Amino acid sequence: QVQLAESGGGLVQAGDSLRLSCAASGRIFSTYAMGWFRQALGKAREFVATISRSGDDIDYADSVKGRFTISRNNAKNTVYLQMNSLKPEDTAVYYCAGGNGHGRNSRYEYSYGYWGQGTQVTVSS
């Protein structure tokens, strides 16, 4: 089992930055690919970013590419999402996820067996 706990969400203004963290406990963190997803009110959950076990392979949704950066520290069992130039449309609950996906599959929820509870990010205009 892997337990995931997100932190770092909050209320910011458009153009501001936030850094989300996801701390993992349980089984070996470094064996899992990690992802960030988000769900806005009334919308389906969507892919944001993913990072491979080693951190060598990274992928982003087009909507966040160039503004968000995913990273991980396997020694600290933590994955991060640095969010810059935030926009009101980035408002959502952000979830981290862990799983065995690789390559293009890591964009999809079915590749992840472990999910955090989510952290709210609200961007005002």
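Look up: the structure comes first, before these words.
These lines cover the structure that appears in this document, whether it is placed above or below. Remember, it's a predicted structure, so these values are computed and weren't measured experimentally.

Things to note about the packing of aromatic side chains
For any two aromatic rings, the description comes down to two numbers: the centre-to-centre distance and the angle of the planes.
Working step 1: Tallied over the full model, the rule gives six aromatic pairs.
Working step 2: With 5.1 Å between their ring centres and 55° between their planes, F37 and W115 make a pair best called tilted. Note that F37 is positioned in strand β4 (residues 33–39) and W115 in strand β10 (residues 112–115), a separation of 78 residues in sequence.
Working step 3: On the basis of an interplanar angle of 70° and a centroid distance of 6.1 Å, the ring pair of Y112 and W115 is categorised as edge-to-face.
Working step 4: The buried category is assigned to Y112, whose relative accessible area is 7%.
Working step 5: One aromatic cluster is present, formed by F37, F47, Y112 and W115 through successive ring pairs.
Working step 6: Its end group placed over the ring of Y95, R45 keeps NZ or CZ at 4.9 Å from the ring centre.
Working step 7: Residue placement shows R45 over the ring face of W115; its charged tip is 3.9 Å from the ring centre.

A closer look at the environment of T119
Working step 1: Along the polypeptide, T119 turns up in strand β11 (residues 119–124).
Working step 2: Using a relative accessible area of 10% as the deciding quantity, one classes T119 as buried.

Concerning the pairing of strand β7 (residues 68–73)
Working step 1: Side-chain alternation along β7 places F68, I70 and R72 on a buried face and T69, S71 and N73 on a face that remains uncovered.
Working step 2: Two elements, β7 and strand β8 (residues 78–83), share six bridges in a ladder whose sense is antiparallel. Within the sheet, the bridge partner assigned to R72 lies in β8 and is V79.
Working step 3: The turn linking β7 back onto β8 is made up of four residues, and N77 within it adopts a positive phi angle of 55°.

Considering the nonpolar core
Working step 1: Counting 33 residues, the largest nonpolar core has W36, L81, M83 and Y94 as the members making the most contacts within it.
Working step 2: Excluding residues that lie within four positions of it along the chain, L81 makes contacts with L18, R19, L20, W36, V48, A49, F68, T69, I70 and Y94.

Comments concerning the pattern of salt bridges
Working step 1: Within the structure shown, the criterion is met by six salt bridges.
Working step 2: Two residues, R107 and D59, come together in a salt bridge whose shortest N-O distance is 2.5 Å. Of this pair, R107 sits in the loop between β9 (92–99) and β10 while D59 sits in strand β6 (residues 58–60); the two residues are 48 residues apart in sequence, bridging distant segments of the chain. Taken as a pair, R107 and D59 share a single burial class, namely buried.
Working step 3: Its salt-bridge partner being D90, residue R67 comes within 2.7 Å of it at the nearest N-O pair. Here D90 lies in the loop between β8 and β9 and R67 lies in the loop between β6 and β7, a separation of 23 residues in the sequence.

A few points about the state of the cysteines
Working step 1: Here the structure, examined in full by the defined rule, presents one disulfide.
Working step 2: In this model, C22 is linked to C96 through a disulfide, with the two sulfur atoms separated by 1.9 Å. Classification of the bridge connecting C22 and C96 rests on its S-S torsion, roughly 45°, and on that basis the disulfide is right-handed. Pair noted here: C22 is in strand β3 (residues 18–26) and C96 is in strand β9, with a separation of 74 residues, a long-range link. Considered together, C22 and C96 belong to a single accessibility category, that of buried residues.

Quick notes on the rules
- In this numbering scheme, every chain counts its residues from 1 along its sequence in written order.
- Local features are withheld for residues below a pLDDT of 70 in this predicted model, meaning they are given only at 70 or higher, and side-chain atom pairs are given and counted only at 80 or more; totals for whole chains, interfaces and linings count all residues.
- Side-chain measures were taken over the full set of non-hydrogen atoms in the model, leaving aside hydrogen atoms and water.
- Between rings of Phe, Tyr and Trp, where Trp is taken as its six-membered ring, a pair exists when centres lie within 6.5 Å; planes separated by under 30 degrees are stacked, by over 60 edge-to-face, and by other angles tilted.
- Runs of H or I in DSSP of at least four residues are treated as helices and runs of E of at least two as strands, each being numbered from the N terminus.
- Here's how the labels work: a residue is buried when its accessible area is under 20% of the maximum for its type, exposed when over 50%, partly exposed in between, all with a 1.4 Å probe on protein chains only.
- The criterion for a charge sitting over a ring is simple: Lys NZ or Arg CZ within 6 Å of the ring centre, and within 35 degrees of the ring normal.
- Any two strands between which DSSP finds at least two bridges are classified as paired.
- Throughout, nonpolar core names a set of buried Ala, Val, Leu, Ile, Met, Phe, Trp, Tyr and Cys residues whose side chains join them through atoms within 4.5 Å.
- Note on definitions: a residue-residue contact is assigned when non-hydrogen atoms from the two residues lie within 4.5 Å.
- Criterion for a salt bridge: a side-chain nitrogen of Lys or Arg within 4 Å of a carboxyl oxygen of Asp or Glu.
- The definition used for a disulfide is geometric: two cysteine sulfur atoms within 2.5 Å.

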